[in-house]
Amino acid sequence: MKFLKQKLDTLKKNGLLRNLSVHAHTIDFSSNDYLGFSRSVAFGKAFSKELNAEKIAGSTGSRLLTGNTLEIEALEEKIARFHQAESALIFPSGYQANVGFLSSIAGRGDTVIRDEFCHASIIDGLRLGFANTLKFTHNNYTDLDAKLSKASGEKFVIVEGLYSMDGDIPDLQMVANLCKKHEAHLIVDEAHTGGLYGNRGEGMVVEQGLESQVFARIMTYGKAFAYQGGAIIGSEELRQYLINKSRAFIYSTGINYSQILGLSLAYDFVEKAEEERYQLKENIRYFRQAIQGKPSAWIDSHSQIQGVRIPGNSAVMEKSVELKNAGILALPIRNPTVAEGEERIRICLHAYNTKSEMDGLIKIVGR
Ligand SMILES: Cc1ncc(COP(=O)(O)O)c(C=O)c1O
């Protein structure tokens, strides 16, 4: 079709055409499998041992119709307890959790203020709702204060526990204080902190003891939890509200038994992952030490997400091909995903990366 071909050609001309690739047998500095459970044979064995042939098929409907089960309710209670909250409501993905939550929580006349670097699922959720939305300059709390002063109706602030492009962590206590000052509700997306922070992987909100100051948390299960899905964590009233008002919850089939089982096991594995969390911290420390004195433009991050700026879409693409040829997977982030000049090789560190893998990567990107 002519119109599609024209649009695809334009993307190609601008160096922005996306393609699906299979990345097998590469040294992984790209996946979100931070703790390594998606490659864990122990996880796979536990999963297959528990599978019940009679319960493997679909859930049969929306949870408000026939898709609700005792197992999913028990899992939600387990999730709520784990994160030291009153309730949890599961969605089939983190994206759907954000869309289902944010499109319904604020209405006409209300105001939602988000950090400018928030994830696409947050932006899309807000687009589907009717509230006024504002964004504040990344981690700039003077700007947030000013925006909150102008906000009307019920007020909400959304930040992430850790930002996925720069690997930086916001000052959550400061954001919570501003929310208190302006009587706003604080929402924290824990996609990149769930499973990693807190003694048992409960996330950044628990790590910082802010549970009572946070209105809702978004937990996603495709990263450190090495599974699939998302949940909104908060009060019992919030759960009841979403069951009644979240269209993405009401009009979509509930997750099936194998997903419930996988998620429950993911929680068991994450809870016991002290060694993996320790190893990841060690790898972050090693990596930061190893890049000291290397002239490249490293991003200033102390988390599992690292990166090196290589300005220009074609320059960053070339570097990622060089890495690929060396058997290393570390993907380029191009403009417009990041601002012009901020193009970079994004590096995700994992508990399972070895020192020699990190040295090999640094040798290529650090010159
Ligand atoms: C901050 C943030 N929120 C939500 C999501 C969506 O989660 P999922 O991949 O489970 O749909 C992501 C995924 O990258 C994310 O980074």
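Numbers given for residues are sequential positions, taken from 1 along each chain in its written order. Local features in this predicted model are restricted to residues of pLDDT 70 or higher, and side-chain atom pairs are both shown and tallied only at a pLDDT of 80 or more, whereas totals for entire chains, interfaces and linings draw on every residue.

What follows covers the sheet that holds strand S9 (residues 297–298). A pair of strands is treated as paired once DSSP finds two or more bridges between them. Secondary structure elements are taken from DSSP: a helix is a run of H or I of four residues or more, a strand is a run of E of two residues or more, and numbering for both begins at the N terminus. In spatial order, the strands read S9-S10-S13-S12; together these four strands make up an open sheet with antiparallel pairing. The open sheet has two free edges, formed respectively by S9 and strand S12 (332–333), since each of these has just one partner strand. Where strand S10 (residues 305–309) meets strand S13 (residues 344–348), five bridges bridge the pair, whose relative direction is antiparallel. Paired with glutamine 306 across the strands is isoleucine 347, a residue of S13.

Moving on, we get to the domain arrangement of the protein. Segmenting the protein into domains produces domain 1 (22–40 + 274–365) and domain 2 (52–271). Of note, the centres of domain 1 and domain 2, computed from C-alpha atoms alone, are 27 Å apart. Once C-beta atoms are placed from the backbone, any two residues with those atoms within 7 Å are in contact. In this assembly, 16 residues from domain 1 lie in contact with 17 residues from domain 2. Put simply, the parts of the chain that give the side of domain 1 that touches domain 2 at least two residues each are helix H12 (274–291) and S10. In this document the domain limits rely on a domain assignment from an automatic tool or a database.

With that settled, the discussion passes to the site of the ligand. Inspection of the region around the ligand gives 13 residues, with Ser93, Gly94, Tyr95, His119 and Ala191 positioned closest. In terms of residue count, helix H4 (residues 94–105) provides more of the shell around the ligand than any other element does, three residues in total. For the shell around the ligand, the residue count by class is two nonpolar, nine polar and two charged. Only the C-beta atom matters for this test: placed from the backbone, it must lie within 6 Å of a molecule or strand for the residue to be near it. Classes in brief: Ala, Val, Leu, Ile, Met, Phe, Trp, Tyr, Cys and Pro nonpolar; Asp, Glu, Lys and Arg charged; the others, Gly included, polar.

Relative orientation of the contacting elements H12 and helix H14 (residues 355–365) amounts to 35 degrees, with a least axis distance of 10 Å. In the crossing of H12 with H14, the sense of the turn from one axis to the other is right-handed. Every residue of H14 that contacts H12 at Asn283, Tyr286, Phe287, Ala290 and Ile291 is listed here: Lys355, Met358, Asp359 and Ile362. Of the residues in the contact of H12 with H14, the class split is six nonpolar, one polar and two charged. In this analysis an axis means a line fitted to C-alpha atoms, helices contributing only their contacting stretch, and an angle means the value between N-to-C directions, from 0 to 180 degrees. Rotating anticlockwise by less than a right angle from the far helix to the near helix defines a left-handed crossing, while the corresponding clockwise rotation defines a right-handed one.

Think of a nonpolar core as buried Ala, Val, Leu, Ile, Met, Phe, Trp, Tyr and Cys residues, each tied to the set through C-beta atoms within 7 Å. Exposed residues have 12 or fewer other C-beta atoms within 10 Å of their own C-beta, buried residues have 20 or more, and residues in between are partly exposed; the C-beta atoms are placed from the backbone. Ranked by size, the top nonpolar core spans 96 residues in total, and within it Val157, Leu186, Ala231, Ile232, Ile233 and Ala266 carry the most contacts. Here this core spans two domains, and each of domain 1 (22–40 + 274–365) and domain 2 (52–271) adds at least three residues to it. The contacts of leucine 186, once residues within four sequence positions are left out, are Val157, Val175, Ala176, Cys179, Gln213, Val214 and Phe215.

If you walk across this open sheet you meet the seven strands as S2-S8-S7-S6-S5-S3-S4, and the pairing is mixed. Each end of this open sheet is capped by a strand with a single partner; those strands are strand S2 (87–91) and strand S4 (132–136). Each adjacent strand pair in this sheet contributes to an overall mean axis angle of 20 degrees, direction not counted. The sheet contact formed by strand S3 (residues 111–115) and S4 spans five bridges and is parallel.

Quick look at helix H3 (residues 70–82) now. Residues three or four positions apart in an α-helix share a direction because the helix packs 3.6 residues into each turn. Over its 13 residues, H3 extends 18 Å from the first C-alpha to the last, a length consistent with the 18 Å expected when each residue adds 1.5 Å. Those residues of H3 not exposed but buried are Ile72, Leu75, Ile79, Ala80 and Phe82. Along the axis of H3, the buried positions cluster into a sector of 160 degrees, meaning they face one direction only. Among the exposed residues of H3, those pointing more than 90 degrees away from its buried face are Leu70, Ala74, Glu77 and Arg81. Against the buried residues of H3 lie S2, strand S8 (230–234) and helix H11 (257–271). One or two steps after H3, the chain reaches glutamine 84, where phi turns positive at roughly 55 degrees. In this scheme, a helix's expected span is set at 1.5 Å multiplied by one less than its residue total. Each direction from the helix axis to a C-beta atom contributes to the arc, which is the arc of those directions.

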